[in-house]
Amino acid sequence: MLVDWRRLRFSQKELDFLESAPVLVRAGQRSFYSTILSSDRMFFRFDPGCLEAVTERGRAALTLVEQRLEDSVPEVHYWSKGDILIIDNWTIMHGRASVNQGSGRRLGRILIDA
């Protein structure tokens, strides 16, 4: 499931809010404070598995994004053997449905720092 965050139709006021509301990014010993939207608006960070609200503003920001995602229609990629999917991780939010163990499914990850 793929969603371009820029198509979630945030107002200018909401974008300003997402750029300023603090959240904690849990990354083991490398946890850090950040915002959902970078100041240059090139990077959108949203992963409910590792983002934690530390203030009421942070909770409101996470709720805003969750609501927009609920109202969105993601693009769905139906996999075929041999498919390769390249995602711009700075603009595309992505997720997957659960998978049964023993399905033979393997995920590979490559970081290209350009």
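Reading guide: rules and limits
Residues numbered from 1 in each chain as written. Predicted model: local features only at pLDDT ≥ 70, side-chain atom pairs only at ≥ 80, totals over all residues. Heavy atoms only, no water. pLDDT = per-residue confidence, 0-100. Helix = DSSP H or I, 4+ residues; strand = E, 2+ residues; numbered from the N terminus. Phe/Tyr/Trp six-rings, centres within 6.5 Å; stacked < 30°, edge-to-face > 60°.

Scored by pLDDT, the protein chain has a mean of 88; 90% of the residues are at 70 or more. The secondary-structure element of the protein chain with the lowest mean pLDDT is strand 5 (residues 92–94), recorded at 86, while helix 1 (residues 12–20) shows the highest, at 97.

Under the counting rule described, the total for this entry stands at three aromatic pairs. Geometrically, the ring pair formed by Phe-10 and Phe-44 is stacked, given 6.1 Å between the ring centres and 25 degrees between the ring planes. Remark: Phe-44 occurs in the loop between strand 3 (32–35) and strand 4 (51–53) and Phe-10 occurs in the loop between strand 1 (2–4) and helix 1; sequence separation between them is 34 residues. Seen from their ring centres, Phe-43 and Trp-90 are 5.1 Å apart, and the 90 degrees between their planes marks the pair as edge-to-face. In this pair, Phe-43 is assigned in the loop between strand 3 and strand 4 and Trp-90 in the loop between helix 2 (56–71) and strand 5, connecting sequence segments 47 residues apart. Chaining the aromatic ring pairs together yields one cluster made of Trp-5, Phe-10 and Phe-44.

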